[in-house]
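Examination of the molecular architecture
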Amino acid sequence: MNDERFWSYVVKGPRESDCWIWTGAVADDGYGRFWTATPHGQKVIRPHRYAVQQTLEENLTPSTITRHTCDLPICVHADVNEETTHLITGDAVENSLDRMIRNRVRNGHDTLTGTGIARKARAERMRALRDHTRTHGYDPDAVRAAIAGATLDQATLF
Ligand SMILES: [Zn+2]
């Protein structure tokens with residue numbers, strides 16, 4: 001029931017390697033929000049984590065980090081196949097190390113991530129992509145632009 005409702009918000013790209021775009025609510029951190037009904041009332045979860053849980057058929061613990069390999073916060077492409085999944089899980093240490101390495105590659109030096117400006121810009125970019133996808137369906141150019149924007153926004157901070 002929740003599952004069907006969840007996937008009704010998802011627009012999948014046609015190719016196996018494409019992102020799956022979440023078209024439901026997007027919060028101020030740039031990540032989606034999905035509300036589920038429980039016996040104790042409504043519960044909110046990030047859609048990419050929900051997708052991972054559905055795919056792995058197990059609940060993630062709060063300390064388990066779910067990371068996008070595609071750098072698109074509203075992507076929910078979870079797959080048991082490590083070759084095609086856009087979402088991998090790991091602990092906080094792995095995550096921060098990996099992020100540091102990626103930023104170094106991207107900008108030539110370490111950067112601060114998750115600042116207020118970057119967060120706001122990211123949320124705006126994700127909402128724009130969501131709205132575009134709702135209207136036009138999956139658009140590879142729009143997805144590429146939304147991902148590339150992350151790099152540009154981070155670069156302009158320095
Ligand atoms: Zn993706």
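Parameters at a glance
Residues numbered from 1 in each chain as written. Predicted model: local features only at pLDDT ≥ 70, side-chain atom pairs only at ≥ 80, totals over all residues. Heavy atoms only, no water. Donors = N, O, S within 2.8 Å, 3.2 Å for Na, K, Ca; no water. Tetrahedral: all angles 85-135°; square planar, octahedral: opposite > 155°, others 65-115°. Helix = DSSP H or I, 4+ residues; strand = E, 2+ residues; numbered from the N terminus. Buried < 20%, exposed > 50% of the residue type's maximum accessible area, 1.4 Å probe, protein only. Contact = heavy atoms within 4.5 Å. Polar contact = N/O pair within 3.5 Å; in protein donor to acceptor, adjacent residues only side chain to side chain. Pairing = 2+ DSSP bridges. Phe/Tyr/Trp six-rings, centres within 6.5 Å; stacked < 30°, edge-to-face > 60°.

A look at the coordination of the zinc ion
Cys-19 (SG), Cys-70 (SG), Cys-75 (SG) and His-86 (ND1) make up the full set of protein donors to the zinc ion, lying at 2.1 to 2.4 Å. Classification of the site at the zinc ion rests on its four donor atoms, whose angles at the metal span 107 to 112°, yielding the label tetrahedral. Between consecutive donor residues of the zinc ion, the sequence gaps follow C-x50-C-x4-C-x10-H. Here His-86 lies in the loop between β6 (65–68) and β7 (87–90) and Cys-75 lies in the loop between β6 and β7, a separation of 11 residues in the sequence. We note that Cys-75, like His-86, is buried.

Considerations on helix α2 (residues 47–56)
Judged by how many residues are buried, α2 sits mostly within the fold: seven of 10 residues are covered. Among the residues making up α2, those that are buried are Pro-47, His-48, Arg-49, Tyr-50, Ala-51, Val-52 and Gln-53. Among the structural elements, α1 (2–7), β2 (20–22), β4 (32–38), β5 (41–45), β6 and β7 are those in contact with the buried residues of α2. Phi turns positive one or two residues past the end of α2, at Glu-57, with a value near 55°.

Re the environment of Ala-123
Along the chain, Ala-123 falls in helix α4 (residues 116–136). Judged by its relative accessible area of 3%, Ala-123 falls in the buried class. For Ala-123 and Ile-74, which are 49 residues apart along the polypeptide, the C-alpha to C-alpha distance reads 9.7 Å. Setting aside chain neighbours within four positions, we find Ala-123 in contact with Val-26, Ala-27, Asp-28 and Gly-30.

Side note on the side chain of His-68
Position of His-68 among the secondary structure elements: in strand β6. Residue His-68 is classed as buried on the basis of its relative accessible area, which comes to 6%. Polar contacts involving the side chain of His-68 include one to the main-chain carbonyl oxygen of Pro-73, which spans 3.4 Å. Here the side chain of His-68 touches Cys-75 through a polar contact of 2.7 Å, landing on its backbone oxygen.

Some points on the pairing of β4
Sheet topology note: the strand β3 (residues 25–26)/β4 ladder contains two bridges and is antiparallel. Directly across from Ala-25, in β4, lies its bridge partner Arg-33. Taking the residues between adjacent antiparallel strands as the criterion, β3 and β4 are bridged by five residues, where Gly-30 takes a positive phi near 90°. The pairing of β4 with β5 spans five bridges and is antiparallel. Along β5, the bridge assignment pairs Trp-35 with Val-44.

Let's talk about the packing of aromatic side chains
The description of an aromatic ring pair uses the distance of the two centres, along with the angle that the planes make with each other. In total, this model carries nine aromatic pairs according to the counting rule given. Each ring, one from Phe-6 and one from Trp-7, has its centre 4.9 Å from the other, and the planes form 90°; the classification is edge-to-face. For Phe-6, a relative accessible area of 0% puts it in the buried group. Assessed through its relative accessible area of 26%, Trp-7 is described here as partly exposed. On the numbers, 6.5 Å between centres and 75° between planes, the contact of Tyr-9 with Phe-34 is edge-to-face. On the criterion of sequence distance, the pair formed by Tyr-9 in the loop between α1 and β1 (10–12) and Phe-34 in strand β4 is long-range, its members being 25 residues apart.

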